[in-house]
Amino acid sequence: MKSLATFDDRNSSLTIVTAERIHTLNPAAESATALLVHRGSVLAVGSVAEIERIALTQQEEVNRVDYPGATIVPGFIDAHAHPLMYGQMLSWVDVGPNKAKNIPEIVALLREAEKQLPPGAALRGYGYEQRNLAERRHPTRQELDQVSTSREVYIMNASGHGGVVNSFTFAVHGVTRDTPNPDGGEFFRDANGDLTGELSDAAANVLTGIHGVKIGHHGPNFHLSDEPAEHRRQLRTVQTEFFRGGVTTVGDAQVSKREMAAYLDLAEHGELKMRVSMYFLSHLLNQILDLGLVAPFGNARLATAGIKLYADGTLGGWTAYFPEGYAGDPCRTGLLYHSPEEYTELVRLAHAAGLQTATHAQSPTAIKMCVDAIEAAQLKYPNADARHRIEHCGLPAPAEITRMAALGIRPVNQTQHYYNWGEGVTQAIGTPGERFNPLGEFRDAGVPITISSDAPVAPPKPLEAIQAAVTRVTRRGVQLGADALRISAREALLAHTYEGAVTLGRENELGSLAAGKRADFAVLSADPLSVPAEQIGKISVLSTWIDGECVWDTDTDNPL
């Protein structure tokens, strides 16, 4: 049996890496043209002549890799993603906006895929976002019945917080029009009280079967199980997707037994190359406290980080909590996963033990509940470096932003969300939705900015995320909100590198390029700080390096 330490060896050879420019993001030496790396670390950063001179003093054979015309940046850090879920989605049918522009096209894609399945096997799809469809609505169970009436059919919404099933799925699991909604979820019904086929959050428990993970009011249930070998294959596949985007470190924002077992299996087979910081789901809080896992534990490739909680649902699926109702549907209010009292106690328990919390919250009400709970915990147990996170933090009130700055709360935003479906926020809640992810307001208030993908909700393409942060222009060419909400390209680059490292508690080893830090970096075809803002997302990643070794290269499009 292999030890996890096996996968933390720093064994890269002495190597000079040059480029036209290197953005170190280290204030002591902002720019350079060469790096010297050895045994997984950066030995020196500077001009080519300086690095060549230092290399000669090492009395060791020196390798050299030149990237003329390219730009090197620290490895991108995706502080909020769901790697195993993403890998699983990649084995499903893609019914996203690049594949299907309307519901008949979704049905056609599913019908074609259904021909390849053995009898009785479930058919799963992912990626549709109702506001990107011509019909501007969710498909119905009757429309999915056109695909099959003898096997389960499920398509997951791009939000990851629910989707649509066919009538057969409801019948198999005994869900009828009279089935009550579970805590933390909903079976949606039409005006006559009949099931539409749409379900959200904890209602997806029906899909996991008797042996599935039952998350209930601790979070949406997308923990669908496969065989261990299949989970390992899924993680290998998705690891390459992160490398393709220049991502070297991931914060897994929802870890249960399923994810933990998959990571350990991948590591034992010597195949875990990306760095993963794990946030355990809040239903495991008592077990985590009982085990004493209240400080970072693991190694440089796989480590614990904190606890993940949910305050409300998602804006994309209209389950974020707006007690006054949605402008697009006044009958929908969304939900809070916990009462304020229950949530405050969960935060208190975690904070008192020294655990960082990361709470999903989108609506002003949910975000205020988070800030109130963190403030109460800090008053009782002061900790100036707690670094509590609010995930997504879509629509904070200005007063809460001020309080977040005072409390050291770190929002973790996903700018690709408004790139992909930003107009949908205004459709859902009206004009206030134009402030969605108000990065400029965070900057002006002194709140640190962290950008991530939330993959598979958006693909791990940091350069696309940076472009969205700089322009706030959606996929359809609409600018969301005022110019004051935009941030600069350098601020966005920092948000996807160094600030991500700070959010994960790993800034001493990751996030910038300086002597003594880990040699994790991405090589880009152009400089994101000098090209026109609307061109940033078109920049290619040429190669991705971890611990001074190239783990992915565009020439082969495979891990090396």
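Anything mentioned here points back to the structure above.
No experiment lies behind these values; they were computed from the predicted model shown. (Residues numbered from 1 in each chain as written. Predicted model: local features only at pLDDT ≥ 70, side-chain atom pairs only at ≥ 80, totals over all residues. Heavy atoms only, no water.)

Caption draft 1: Local environment of the side chain of Ser-256. Note on placement: Ser-256 falls in the loop between β12 (247–255) and α8 (257–268). Taking relative accessible area as the criterion, Ser-256 reaches 2% and is therefore assigned buried. A polar contact is formed between the side chain of Ser-256 and the side chain of Glu-259, at a distance of 2.7 Å. (Helix = DSSP H or I, 4+ residues; strand = E, 2+ residues; numbered from the N terminus. Buried < 20%, exposed > 50% of the residue type's maximum accessible area, 1.4 Å probe, protein only. Polar contact = N/O pair within 3.5 Å; in protein donor to acceptor, adjacent residues only side chain to side chain.)

Caption draft 2: Region of the structure containing the sheet that holds strand β11 (residues 195–201). On the basis of which strands lie adjacent, the open sheet formed by 6 strands has the order β6-β7-β8-β9-β11-β10 and mixed pairing. Single-partner strands in this sheet number two, and they are β6 (93–94) and β10 (185–189). By the bridge criterion, 5 bridges tie strand β7 (residues 123–128) to strand β8 (residues 153–157) in an arrangement that is parallel. Paired with Arg-124 across the two strands is Tyr-154, which belongs to β8. (Pairing = 2+ DSSP bridges.)

Caption draft 3: Molecular detail of the packing of aromatic side chains. For the structure on display, the rule yields 9 aromatic pairs. Taken together, a centroid distance of 5.4 Å and an interplanar angle of 55° make the contact between Tyr-310 and Tyr-337 tilted. Separated by 27 residues along the polypeptide, Tyr-310 in strand β14 (residues 302–310) and Tyr-337 in the loop between β14 and α10 (340–353) bring together distant segments of the chain. With a centroid separation of 6.2 Å and 75° between ring planes, the pair formed by Tyr-418 and Phe-436 is classed as edge-to-face. In this pair, Tyr-418 is assigned in helix α13 (residues 415–429) and Phe-436 in the loop between α13 and α14 (439–445), connecting sequence segments 18 residues apart. A relative accessible area of 0% means that Tyr-418 is categorised as buried. For Phe-436, a relative accessible area of 1% translates into the label buried. Grouping aromatic residues by their ring pairs yields a cluster made of Trp-318, Phe-322 and Tyr-326. (Phe/Tyr/Trp six-rings, centres within 6.5 Å; stacked < 30°, edge-to-face > 60°.)

Caption draft 4: Looking closely at the sheet that holds β14. The strand order across the open sheet built from 8 strands is β5-β12-β13-β14-β15-β16-β17-β18, with neighbouring strands paired in parallel fashion. Each of the sheet's edge strands pairs with one partner strand only, and the pair in question is β5 (76–81) and β18 (450–451).

Caption draft 5: Main features of the nonpolar core. Phe-76 and Phe-242 are the most contacted members of the largest nonpolar core, which totals 89 residues. The biggest single contributor to this core is helix α11 (residues 364–380), with 8 residues. Formed by 17 residues, the second largest nonpolar core is a distinct cluster that contains Tyr-126, Tyr-154, Leu-199 and Ala-203. (Core = buried A, V, L, I, M, F, W, Y, C linked by side-chain atoms within 4.5 Å.)

Caption draft 6: The arrangement of the packing of helix α7 (residues 228–244) against α8 in detail. The contact between α7 and α8 brings their axes to 9 Å, and the two run at 75°. Between α7 and α8, the interaxial angle falls into the category roughly perpendicular. Where α7 abuts α8, its residues Pro-228, His-231, Arg-232, Leu-235 and Arg-236 lie against Arg-258, Ala-262, Tyr-263, Asp-265 and Leu-266. Taken together, the residues that form the contact of α7 with α8 break down as 5 nonpolar, 1 polar and 4 charged. (Axes fitted to C-alpha atoms, helices over the stretch in contact; angles between N-to-C directions. Parallel < 35°, antiparallel > 145°, perpendicular 65-115°, else oblique. Contact = heavy atoms within 4.5 Å. Nonpolar A, V, L, I, M, F, W, Y, C, P; charged D, E, K, R; others polar.)

Caption draft 7: Spatial organisation of the pairing of strand β3 (residues 41–46). Judged from the 5 bridges that link them, strand β2 (residues 31–38) and β3 form a sheet pairing that is antiparallel. What sits directly across from Val-37, in β3, is Val-42. Between β2 and β3, which pair antiparallel one after the other, the connecting turn spans 2 residues, and Arg-39 there sits at a positive phi close to 50°.

In short, the description is geometric, and any link to function would need to be established separately.
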